[in-house]
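Each chain, written out:
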Amino acid sequence: MELANILFEKGKLAGFGDMEVYYQRNSSFNIKVFESEITNYAISDEEGLSFRGLYNNKMGYAYTEKVDESSVDMLIKEAKINAMIIDSDDEEFIFEGSKEYKEVNNYNPELEKVSNEDKIKLAFELEKEALSLDKRVEAVEHCIYSESSSESIVINTKGLKLEDKSNLAFAYMGVKVKEGDDIKTAGKYAITNDFSKIDIKKIAKDSVDEAISLLGAKSVQSGDYEIILRNDMSANLLESFSSIFSAEAVQKDLSLLKGKLGEKIGNELITVIDDPLMEGGISSTGFDSEGVATKCKKLIDKGTLKTFLHSLKTAKKDGVEPTGNGFKGYKSSISIAPTNMYIENGDTSLEDMVKTIDKGILISDLQGLHSGLNTISGDFSLSAYGYLIENGKVIRPVNQITIAGNYFEVLNNVEILGNDLEFELGGGYFGSPSLKIKKLSVAGE
């Protein structure tokens with residue numbers, strides 16, 4: 001990348017030591033259909049470049065969306081000003097590179113060849129399929145197809161040059177069903193970088209089946225219940241509390257896991273993995289934004305806390321090896337993030353798990369995940385939907401309940417691990433099997 005060489009030459013003349021250029025390009029396609037009409041159609045393409053370098057032993061930053069030689073002087077000037085006014089004592093440095101990088105292929109060129117006409121056709125067919133499944137389907141409220149691709153390049157004056165490219169397609173449907181005065185909604189999606197693997201019939205059927213299964217839902221008496229967190233809900237809860245594994249949060253006293261490395265923090269059934277090399281993982285990558293090679297690691301191994309997620313800065317502060325979890329966009333500075341994080345699969349089917357419960361609730365939906373919980377204390381209080389279980393059988397749907405507890409206690413109170421590992425897309429890619437929890441407090445009638 002010639003622009004990087006120009007920046008490095010001029011940066012050196014301006015007094016910078018080690019320097020780095022981070023380039024990023026993102027493109028997206030989005031379509032939304034409602035009542036056989038296209039209600040939203042958007043195509044975007046953006047690129048940007050960030051420059052950072054050491055000036056008087058302080059790291060200066062600057063970025064631009066104008067990726068050409070006319071931005072060079074501005075970037076150097078802004079980075080120098082930034083370095084002079086920075087008041088942080090944290091040591092930052094440019095990374096020379098890892099000894100070895102694993103190859104990760106998260107880009108499918110065939111996806112780029114799919115015509116916009118075929119993408120639009122898929123969205124219309126998805127809506128049509130759902131409406132045809134049951135007379136109680138009143139509307140398909142959300143019918144979305146989106147596609148994105150991204151490319152990033154890291155180059156520095158220590159000889160490092162890395163390139164990464166990925167793409168994916170996302171199809172989502174949300175349906176509304178009605179029976180008498182009772183209205184329920186549900187939604188499902190598929191995510192892949194192989195357009196041919198998007199199963200319209202399955203997305204539609206799963207959405208409609210779940211919405212219909214909730215018709216007639218009512219609350220339950222308040223009390224402590226045995227709980228099954230369905231795989232998707234457990235994955236969402238893991239995402240919501242994933243920041244507890246960030247070394248930065250630990251160092252800032254924002255995680256109760258501080259000082260607990262090597263200690264038991266969950267039931268021995270629980271193993272939590274962050275695997276950036278996972279085949280088919282939406283967040284798979286061979287290196288992070290700092291150029292550190294990524295690796296698979298067990299954060300919790302059979303209930304014992306083994307490691308935190310580290311960037312270069314947090315690893316140096318703790319005197320450990322970085323884990324390859326320092327990520328950024330061209331506009332932002334480095335922050336710690338998971339990649340493909342999941343609770344390892346168990347060996348019990350959801351059906352058999354239900355049979356073990358005398359009186360409990362299968363949780364199929366959680367609301368308020370970003371407002372009804374405290375990631376520092378682990379406490380949560382969340383509105384929920386699900387199904388009442390009595391004597392090992394699902395009796396009826398349940399709504400108007402709130403479940404409350406503590407995530408650290410949940411990890412310790414897992415009694416059975418399902419064999420139905422499923423991933424959910426959020427601020428990363430999070431997965432979990434269904435979990436049977438000894439008990440949680442349920443507020444109902």
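Residues numbered from 1 in each chain as written. Predicted model: local features only at pLDDT ≥ 70, side-chain atom pairs only at ≥ 80, totals over all residues. Heavy atoms only, no water.

### Let's talk about the nonpolar core
Step number 1: Ile-227, Phe-245, Ile-361, Ile-363, Leu-366 and Ile-403 are the most contacted members of the largest nonpolar core, which totals 47 residues.
Step number 2: Here Ile-403 is in contact with Ile-363, Leu-366, Phe-380, Ser-381, Leu-382, Ala-384, Leu-440, Ser-441 and Val-442, once residues within four sequence places are set aside.
Step number 3: Of all hydrophobic cores here, the second largest spans 30 residues; its members include Ile-31, Ala-130, Val-140 and Cys-143. (Core = buried A, V, L, I, M, F, W, Y, C linked by side-chain atoms within 4.5 Å. Buried < 20%, exposed > 50% of the residue type's maximum accessible area, 1.4 Å probe, protein only. Contact = heavy atoms within 4.5 Å.)

### A few points about the pairing of strand 18 (residues 422-425)
Step number 1: One ladder, built from 4 bridges, connects strand 18 with strand 19 (residues 429-432); its direction is antiparallel. Counterpart to Phe-423 in the pairing with strand 19 is Gly-431.
Step number 2: In textbook terms, the turn of a hairpin is the stretch between consecutive antiparallel strands, and for strand 18 and strand 19 this stretch comprises 3 residues. (Pairing = 2+ DSSP bridges. Helix = DSSP H or I, 4+ residues; strand = E, 2+ residues; numbered from the N terminus.)

### Remarks on the packing of helix 4 (residues 116-133) against helix 5 (residues 200-213)
Step number 1: Where helix 4 contacts helix 5, the axes come no closer than 9 Å and their chain directions differ by 45 degrees. Between helix 4 and helix 5, the angle is such that the two are oblique. At the point where helix 4 passes helix 5, the crossing takes the right-handed sense. Listed contacts from helix 5 to Leu-122, Glu-125, Leu-126, Glu-129, Ala-130 and Leu-133 of helix 4 are Ile-200, Lys-201, Ile-203, Ala-204, Lys-205 and Val-208.
Step number 2: Of the residues belonging to the contact of helix 4 with helix 5, the class tally is 8 nonpolar, no polar and 4 charged. (Axes fitted to C-alpha atoms, helices over the stretch in contact; angles between N-to-C directions. Parallel < 35°, antiparallel > 145°, perpendicular 65-115°, else oblique. Left-handed = near helix turned anticlockwise from the far one by under 90°. Nonpolar A, V, L, I, M, F, W, Y, C, P; charged D, E, K, R; others polar.)

### Digging into helix 5
One turn of the α-helix equals 3.6 residues, which is why residues spaced by three or four share an orientation.
Step number 1: With 14 residues, helix 5 should reach 20 Å at 1.5 Å per residue; the first-to-last C-alpha distance of 20 Å fits that figure.
Step number 2: Residues of helix 5 that are buried: Ile-200, Ile-203, Ala-204, Ser-207, Val-208, Glu-210, Ala-211 and Ile-212.
Step number 3: Summarising the contacts, the buried residues of helix 5 are in contact with helix 4, strand 4 (137-156), strand 5 (161-179), strand 6 (182-192), strand 14 (359-367) and strand 15 (379-390).
Step number 4: The distance from a side-chain oxygen at the start of helix 5 to the backbone nitrogen of Lys-201 is 3.2 Å, and the residue carrying that oxygen is Asp-199. (Expected span 1.5 Å × (residues − 1). Polar contact = N/O pair within 3.5 Å; in protein donor to acceptor, adjacent residues only side chain to side chain.)

### Digging into the sheet that holds strand 1 (residues 19-34)
Step number 1: The antiparallel open sheet is built from 6 strands, whose spatial order is 3-2-1-4-5-6. With partners counted over all chains shown, the strands left at the sheet margins are strand 3 (58-64) and strand 6, one partner each. For this sheet, the mean inter-axis angle between neighbouring strands, taken without regard to orientation, is 15 degrees.
Step number 2: Relative to strand 5, strand 4 runs antiparallel, the two sharing 17 bridges. Paired with Ala-139 across the bridge in strand 5 is Lys-176.
Step number 3: Across the sheet, helix 4 touches strand 1, strand 2 (37-55), strand 4 and strand 5, and the angle it forms with strand 4 is around 145 degrees.
Step number 4: Strand contacts of helix 5: strand 4, strand 5 and strand 6, with the helix running at about 150 degrees to strand 6, the strand carrying the most contacts.

### Details of the sheet that holds strand 19
Step number 1: Within the open sheet, the 6 strands sit side by side as 10-9-8-13-19-18. Their pairing is mixed. The outermost strands of the open sheet, each flanked by one partner alone, are strand 10 (304-305) and strand 18.
Step number 2: Two elements, strand 8 (residues 272-274) and strand 9 (residues 297-301), share 3 bridges in a ladder whose sense is antiparallel. By the bridge assignment, Ile-273 is partnered in strand 9 with Lys-298.
Step number 3: The strands that helix 6 (residues 231-240) touches are strand 8, strand 13 (340-343), strand 18 and strand 19; relative to strand 19, the one it contacts most, it runs at about 130 degrees.

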